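# Topology and contacts: notes
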Amino acid sequence: MANIIIIGGSIMGSSIAYHLAMTGRAGDVCVIEPDPSYEWAAAPRSSGGVRLMHGLPENIEMSLYGREVYKDFARLMDVNGLPGGFDFLEHGYLYLASGAEQVAMAEASWRIQTGLGVPNKLLDRDALAARFPSMNVADIDAAIHGPQDGFIDPNAAVLGFRRKAISLGVEYIQDKVVDIEVSGGLARHVVLQSGGRVAGDIIVNVAGAWGPEICAMVGMTVPVEPLSRNTFYFEIRGEIETMPLTKDPGGVAFRQEGAGFTGGLTDTNVPFGFDWEVKHDKFETDFWPVLAHRVPAFEALQVKRGWAGHYAYNKLDGNTIIGNWIGGLDNFYVATGFTGAGLQKGPAIGRAMTELLLDGGYQTIDLSRMSYQRVIDNKPLLEIGFAA
Ligand SMILES: Cc1cc2nc3c(=O)[nH]c(=O)nc-3n(C[C@H](O)[C@H](O)[C@H](O)COP(=O)(O)OP(=O)(O)OC[C@H]3O[C@@H](n4cnc5c(N)ncnc54)[C@H](O)[C@@H]3O)c2cc1C
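Residues numbered from 1 in each chain as written. Predicted model: local features only at pLDDT ≥ 70, side-chain atom pairs only at ≥ 80, totals over all residues.

### Quick notes on the sheet that holds strand E16 (residues 260-265)
- The sheet built from eight strands is open, its strands ordered E5-E6-E4-E14-E15-E16-E13-E17 with mixed pairing. Whereas interior strands pair on both sides, the edge strands pair on one side only; in this sheet they are strand E5 (121-124) and strand E17 (302-314). Here the strands of the sheet are splayed against their neighbours by 20° on average, with no regard to which way each runs.
- Bridge count between E5 and strand E6 (residues 142-146): four bridges; the pairing is antiparallel. Looking at the pairing, Leu-123 lines up with Ala-143 of E6. (Pairing = 2+ DSSP bridges. Helix = DSSP H or I, 4+ residues; strand = E, 2+ residues; numbered from the N terminus. Axes fitted to C-alpha atoms, helices over the stretch in contact; angles between N-to-C directions.)

Have a look at this one:
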């Protein structure tokens, strides 16, 4: 096998490195990652959600594998008796639908999920009220409840994959890729900020929201842009029943987090690009009223902190783009466009990329529909029901 350079060592880069290393080829893999603390990466700033609640079979299958790996993470990432684990908090997911259009979308995606054996439940208003008595469901017509869904510690997931990959012999170089040299129709070297150059036979770009910048270095365009999303941590007085990760009909999402809750809103009406500012005023105007309406106990909440993270937002269809640059450089690979659901796909993308690179094609989940071809053809691959 040839030398493989992975650009970006967060959840995607470290999962790919781990899966490649598990085949015994760790010595051929090098990961270039500027920040071993992952301060700005999306993964540690994410909600950590893993759901089987998708509207495309590929996404459900990827999350099934993600769930399997994350539930067994301590054992899989064990390094010399030091487990790399966290608890998979199976608190469930809940998508709330209001109005005929949303109900139809919920039913359509629920059918796809149950068709693949996922034990999700379609709840009507009464069943929802009985299951979650603290919730105001007067304006809710239906909901999908995913009892096997939950969330993980995303920072520990990145560090677990990384530590295991290193223990298997993968080299991590602490540096930043600033250019890629191309000749003879192939990407040949990555140029590092420190001034060094690394030669590779295969280059894999998994730099998250910075991925489009890396693509631009070789002239590849992807319909992906950074989209800032604020998350807030808040606490309330008193106690309510354990809440699943709940998505309100307008897009506001919240879930339990330790002694309190986290919540955020994916707003595609803000300018795309990097924006690290936390908009506390928006919490007051756009977010809190929705929370207090849905869960009256949230009326007296106290915000303790907030942070910004960035989706690699796929403007074509919100879905994964994986594979080599069709019509461009045969040895330049990307995995991008994960929008709000990359953490749960990390394990599957690691395995899928390993299959593409070592076997020349998918052996487990067929992700052919998620290749760059649909970008060339301008044919969106939309989720049935709802998007992440
Ligand atoms: C607020 C928020 C909530 C989310 N919630 C969820 C959720 O509940 N469930 C879920 O599944 N997903 C969620 N996501 C999405 C998920 O976090 C991302 O899809 C996933 O982290 C993408 O992983 P990545 O490895 O591609 O990118 P990142 O984690 O962003 O990592 C990219 C890495 O590339 C490195 N890099 C950048 N530039 C260069 C360069 N020039 N050279 C070398 N390396 C470079 C960076 O340092 C970084 O470590 C959420 C995202 C956000 C922002």
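### Considerations on unusual backbone geometry
- Although it is not a glycine, Tyr-38 adopts a positive phi angle of roughly 55°.
- Locating Tyr-38 in the fold gives a position in the loop between strand E2 (29-32) and strand E3 (49-50).
- The backbone of Asn-80 shows a phi angle near 50°, a positive value even though the residue is not glycine.
- Structurally, Asn-80 is set in the loop between helix H3 (73-76) and strand E4 (93-97).

### Things to note about the site of the ligand
- Neighbouring the ligand are 40 residues; Gly-8, Ser-10, Gly-49, Gly-208 and Gly-342 lie closest to it.
- The set of elements that each furnish at least two residues to the shell around the ligand consists of helix H1 (11-25), strand E13 (224-235) and E17.
- Shared between two domains, the shell around the ligand holds at least three residues of each, these being domain 1 (4-84 + 153-223 + 316-376) and domain 2 (93-150 + 225-311). (Near = placed C-beta within 6 Å. Domains from an automatic or database assignment.)

### Structural notes on the domain arrangement of the protein
- According to the domain assignment, the protein consists of domain 1 (4-84 + 153-223 + 316-376) and domain 2 (93-150 + 225-311).
- One C-alpha centre belongs to domain 1, the other to domain 2; they are set 28 Å apart.
- Across the boundary between the two partners, domain 1 contributes 16 residues, which contact 24 residues of domain 2.
- Taken together, the elements giving at least two residues each to the side of domain 1 that touches domain 2 come down to E3 and helix H2 (57-71).
- Residues of the side of domain 1 that touches domain 2, tallied by class, amount to eight nonpolar, six polar and two charged. (Contact = placed C-beta atoms within 7 Å. Nonpolar A, V, L, I, M, F, W, Y, C, P; charged D, E, K, R; others polar.)

### Regarding the sheet that holds strand E8 (residues 171-173)
- Overall, mixed pairing links the six strands, which are arranged E8-E2-E1-E12-E19-E18 in an open sheet. Where the open sheet ends on each side, the last strands, each with one partner, are E8 and strand E18 (321-324). Across the sheet, the mean angle from the axis of one strand to that of its neighbour is 20°, orientation sign disregarded.
- Packed onto the sheet, H1 meets strand E1 (4-7), E2, strand E12 (202-205) and strand E19 (332-336) and runs at close to 165° relative to E2.

### Brief notes about the pairing of strand E15 (residues 252-257)
- With two bridges connecting them, strand E14 (residues 245-247) and E15 associate as antiparallel partners. Each residue of the ladder has a partner; that of Lys-247, found in E15, is Ala-253.
- In this antiparallel pair of consecutive strands, E14 and E15, the connection spans four residues, and Gly-251 shows a positive phi of 110°.
- Summarising the sheet, E15 and E16 pair through six bridges and their orientation is antiparallel. If you follow Gln-256 over to E16, its bridge partner there is Phe-261.

### Re helix H4 (residues 100-115)
- With 16 residues, H4 should cover 22 Å at 1.5 Å per step; its first-to-last C-alpha distance of 22 Å lies within 8% of that length.
- Listed in full, the buried residues belonging to H4 are Met-105, Ala-106, Ser-109, Trp-110, Ile-112 and Gln-113. Buried residues of H4, viewed axially, fall in a sector of 160°; they line one side. More than 90 degrees from the buried face of H4, the exposed residues found are Ala-100 and Gly-115.
- Residues of H4 that are buried in the fold lie against H2, E4, E5 and E6. (Expected span 1.5 Å × (residues − 1). Buried ≥ 20, exposed ≤ 12 C-beta atoms within 10 Å, placed from the backbone. Arc of directions from axis to C-beta.)

### Let's talk about the environment of Asn-205
- Structurally, the position occupied by Asn-205 is in strand E12.
- For the pair Asn-205 and Gly-13, spaced 192 residues apart in sequence, the C-alpha to C-alpha distance is 8.4 Å.
- Ignoring sequence-local partners within four residues, the contact set of Asn-205 consists of Ile-7, Gly-211, Ile-214, Cys-215, Tyr-333 and Val-334.

### Considering the packing of H1 against helix H9 (residues 346-359)
- At a minimum axis distance of 8 Å, the contact between H1 and H9 shows a crossing angle of 50°. In terms of axis orientation, H1 runs oblique to H9. Relative to H9, the crossing made by H1 is right-handed. Contacts between H1 and H9 pair Ile-11, Met-12, Ser-15, Ile-16, Tyr-18, His-19, Leu-20 and Thr-23 from the former with Gly-346, Pro-347, Ile-349, Gly-350, Arg-351, Met-353, Thr-354 and Leu-358 from the latter.
- Among the residues making up the contact of H1 with H9, the classes are represented as nine nonpolar, six polar and one charged. (Parallel < 35°, antiparallel > 145°, perpendicular 65-115°, else oblique. Left-handed = near helix turned anticlockwise from the far one by under 90°.)

### Here we look at the nonpolar core
- Ranked by internal contacts, the top residues of the largest apolar core, which has 110 residues, are Ile-6, Ile-7, Ala-17, Ala-143, Ile-203, Val-204 and Met-353.
- The element best represented in this core is H1, accounting for seven residues.
- Once you skip the residues sitting within four places of it in the chain, Ala-17 turns out to touch Ile-6, Val-29, Val-31, Ala-165 and Val-170. (Core = buried A, V, L, I, M, F, W, Y, C linked by C-beta atoms within 7 Å.)

### Observations regarding the environment of Ile-5
- Here Ile-5 is to be found in strand E1.
- Assessed through the 23 C-beta atoms surrounding it within 10 Å, Ile-5 is described here as buried.
- A C-alpha to C-alpha distance of 8.6 Å links Ile-5 and Asn-205, two positions 200 residues apart in sequence.
- Setting aside chain neighbours within four positions, we find Ile-5 in contact with Cys-30, Ile-32, Val-190, Val-198, Gly-200, Ile-203 and Val-204.

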